[in-house]
Amino acid sequence: MSAATPASQLPGWRSFVGEAFANRSFLAGFVITLAIALMALLSYFWTPYDVTNLVVADRMKTPSADHLLGTDHFGRDILSMIMVGARNSIAVAVVAVGIGMGIGVPLGCWAAARGGWVDEALMRFNDVVFAFPALLSAVMITAIFGPGAINAIIAIGIFNVPVFARVARAGALSLWPREYILAARAAGKGPTLITIEHILPNIASILLVQGTIQFALGILAEASLSYLGLGAQPPMPSWGRMLFDAQTRMVVAPYMAIFPGMAIVITVLGLNLLGDGLRDVLDPRLRRRR
Amino acid sequence: MSLLEIEKLNLSIGGVPILKDVDLAISQGQVMGLVGESGSGKSMTALTVMQLLPNGARANGRVSFDGIDILAAPEAAMNQLRGDDIGMVFQEPMTALNPVKTIGEQVAEGIRWHTGASRRDAEDAARQILDRVGLPEAKFPLSRYPHELSGGQRQRVVIAIACALKPKLLIADEPTTALDVVLQQQILELLRDLVDERKMALLLISHDLAVVTDMSDRVTIMRHGAVMEEGETAPTLSKQAHPYTRQLAQASMHVPDRQRPAPTLPLVARVGPEVGAAIGDDMEGTPPPLLAVEGVVRDYRGRRPSLFAPAQPFRAVNGVSFTIGEGQSVALVGRSGCGKSTLARMILALDRPTVGAIRLDGAEVSALPESALKPHRRKMQVVFQDPYGSFNPRHKVERLVAEPLHLLDDQPDAAERREMVAGALHEVGLAPSDMDKYPHEFSGGQRQRISIARAIITRPRLVVADEPVSALDVSIRAQVLDLFADLNSRLGVAYLFITHDLTVARAITDEVMVMHEGEIVERGPTAEVLDRPQSDAARALVAAAPDLHRALQRKLAEQG
């Protein structure tokens, strides 16, 4: 990429950024995602209250000037918990999607490029991984290595691998017979170079969309694992466990469920908008039409 | 009164005017040819009649079919008309059929929907019409799926669907463009017989003047959404009163000026000593041909007839041998599925022969590993058929055209690269500034020029062109053929033109090879083979090829 056209790269990149911010869904998604990320970052330095500080006298306070989003059943400030919990949720989802893409996409591209027994072996292995319910295996992993955020990340990440491998392979397979791939082969380019230059940019949009879906699923999976007590361990707050804690108190303290739930919804929405906008911007054919 | 009358039809889509004051009338039993280049509005005219326009389309004017005002008709009334009184045949038989339904179901569907017939009656009717279009039940039971049929057979199914309810008007939108010439002739004959038999009116949309001349009683010539000329076929096309009609006719019959490259090119100078040694003693002194294909066979693994039976290999190319000399332009013609494209892939070293050898400039490229092919790939490049599919849509022209530069031993730096791309673009008649655009910003003809620029940037000595102009309009086609001829005489590039279109072969090649079922059945000088074909396969191709001169003469005799 970088060596190909250094002369025209810079203006191209600048116009890409310009285009991106002219796209409304990209802009909205970018702002929301940035806000959530900044909030998570801020929580390292400052939160309105200490989340490890239990003040039983203040338990289940409705939202007020003191506690903007109220307090939970131990009297912890919900806003502070959401801020700290964002770290956990984002970290789990980012790393899990990263693991999935980082391993799955090369595997899928390799399978599509080589075909034959490589393809067959990889895809059957994929099927085997798919055959295990993610949650069950997560239980298995945590049984061996003990519960915790890191193990939850690994468990969720492993189950993202076959998803991305399949999506990448399907996309790549449909591209390989294209004439421009034939032309590239006639220009003497090998499978690796063709995959990097021609296949990846053309499947990037479907991978991005899949990525935002998996990201959302990652956040939900983290919530489920926390619900089972297999995710982040107390006192580390997590959105998933906040929801779980709120479940039995829905009637008396609905805000305990509403705010963490909103945090999840807004994050997922922001990511989806971001992915949607990115896809539009990355596709030069769609770009002209707006 | 005419069956279909279109008066002062104006159409705009999303505010962009598409059709301007279009007038058209077809009476019962008449064949109207609608000719024009892409973007001239001929398909949109047909879709207006069917009321199948895209969202955001606004039509005004008057369209009346059999006394019904189509523009004012509600959707329910149109549903009654479509497929019943008006049938439509689409261009692409591959996508016009639903792949998960049997052909019987698809033909019967319309019959049941419009007549309320029982499943059995509808299937009987479907059986009859399929038999009529040449798919007798004994060989093609109703339970066949579209993928089990060839392109021509699928188009017969599409015609069966369109004609099942004896429509008064049949609209055929480029019904044969996706088919080879022999199939084209069969399908056109079928359409003509059906029209005669059932007194249907036929609106035949085509970009091919020869086809329209052959088929139609009257022609309407469109350009940029407006009707240029309308009249009886023979007088209109022979007088060519309108300048655009003349332009179209001339483009259809265009033959580029070719200066035959002198046969005494300084070949010897280019041939290295190692090549001389490879040829052997008996050919001492004569340079090896640029390309030599020797006894090439290619088998594909076929389908297993049953789970335990061994797979039957399918032989796509069977014992083909030929040579192409330096600067020579050779056409490889044959029907679709005859193995021409497989052969082309093997020549380009994208596929390997099962048996046999392919030598480029004396080196046996078919035996070399991919890593050793680089210096040889530089000598041959390729131009594909589809000007839309042959570029990565995400790359700019500069990068697309520069792709084969990868083959050079000394990689040019960015500035040199831009200069070489600019040179190649100039060579094919595009501006150097075009290199910063994306392929979708160009028209089909321009894209094909970009494709040619990409093919010639490494100064190859052989260019394999796989149906390079069959997706282009006639006037664009003429320009691209001129470009090919020009490059041949200026750069001395040898061509292997793969085509089913004999006019292309005649226009631009010195020699023709006719391929049939994997074998080359005839080879000779172009004029010789096309005027006096010897083999059955060649005769069939020549007889089926639409020819404007011949068609016009016959029409003139009929219409006076």
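In this report, we go over the structure that sits alongside the text. (Residues numbered from 1 in each chain as written. Chains lettered and ligands numbered in written order. Predicted model: local features only at pLDDT ≥ 70, side-chain atom pairs only at ≥ 80, totals over all residues.)

### Some thoughts on the overall build of chain B
At step 1: For chain B, the count of helices and strands is 21 helices and 20 strands.
At step 2: Computed over C-alpha atoms, the radius of gyration of chain B comes to 26 Å, within 12% of the 24 Å expected from 2.2 N^0.38 for 560 residues, which places it in the range of a compact globule.
At step 3: Its C-alpha atoms put chain B at 80 × 60 × 50 Å along the principal axes.
At step 4: For chain B, contacts bridging at least 24 residues in sequence account for 68% of all contacts bridging at least 6. (Helix = DSSP H or I, 4+ residues; strand = E, 2+ residues; numbered from the N terminus. Rg over C-alpha atoms; globule rule 2.2 N^0.38 Å. Contact = placed C-beta atoms within 7 Å.)

### Considerations on the interface of chain A and chain B
At step 1: Each side of the interface is counted separately: chain A has 22 residues, and chain B has 27 residues.
At step 2: Breaking the side of chain A that touches chain B down by element, the ones donating at least two residues are α1 (6-22), α8 (179-186), α9 (191-227) and α12 (284-289) of chain A.
At step 3: Of the residues forming the side of chain A that touches chain B, the biggest block, seven residues, is contributed by α8(A).
At step 4: Across the side of chain A that touches chain B, the residue classes tally to 11 nonpolar, six polar and five charged. (Nonpolar A, V, L, I, M, F, W, Y, C, P; charged D, E, K, R; others polar.)

### Some points on the sheet that holds strand β3 (residues 31-35) of chain B
Two modes of strand pairing occur in sheets, parallel and antiparallel, and in both the strands are linked by backbone hydrogen bonds.
Residues and elements named next belong to chain B.
At step 1: Overall, mixed pairing links the six strands, which are arranged β6-β7-β8-β3-β9-β10 in an open sheet. In this open sheet, the two edge strands, each paired with only one partner strand, are β6 (86-89) and β10 (226-232). On average, each strand axis in the sheet is tilted by 15 degrees relative to the strand beside it, whichever way the strands run.
At step 2: Where β3 lies against strand β8 (residues 201-206), five bridges are found, and the strand directions are parallel. Residue pairing in the sheet places L34 in a bridge with I205 of β8.
At step 3: Strands in contact with helix α5 (residues 151-163) are β6 and β7 (169-173); relative to β6, the strand with the most contacts, it is inclined by about 170 degrees. (Pairing = 2+ DSSP bridges. Axes fitted to C-alpha atoms, helices over the stretch in contact; angles between N-to-C directions.)

### Points about the nonpolar core
At step 1: If you look at the biggest cluster of nonpolar residues, it comprises 232 residues, and the most contacted ones within it are B:L169 and B:V401.
At step 2: In terms of residue count, helix α3 (residues 78-114) of chain A provides more of this core than any other element does, 19 residues in total.
At step 3: Every residue in contact with B:V401, bar those within four places of it in the chain, is listed here: B:V421, B:A424, B:L425, B:M435, B:I450, B:A453, B:R454 and B:I457. (Core = buried A, V, L, I, M, F, W, Y, C linked by C-beta atoms within 7 Å. Buried ≥ 20, exposed ≤ 12 C-beta atoms within 10 Å, placed from the backbone.)

### What to know about the sheet that holds strand β17 (residues 462-466) of chain B
Residue and element names in this part refer to chain B.
At step 1: As summarised here, the arrangement of the six strands in space is β16-β17-β18-β13-β19-β20, forming an open sheet in which the pairing is mixed. Both edges of this open sheet fall to β16 (380-383) and β20 (519-525), since each of them pairs with a single strand only. When the angles between neighbouring strand axes are averaged without regard to direction, this sheet yields 20 degrees.
At step 2: Strands in contact with helix α16 (residues 444-456) are β16 and β17; relative to β16, the strand with the most contacts, it is inclined by about 170 degrees.

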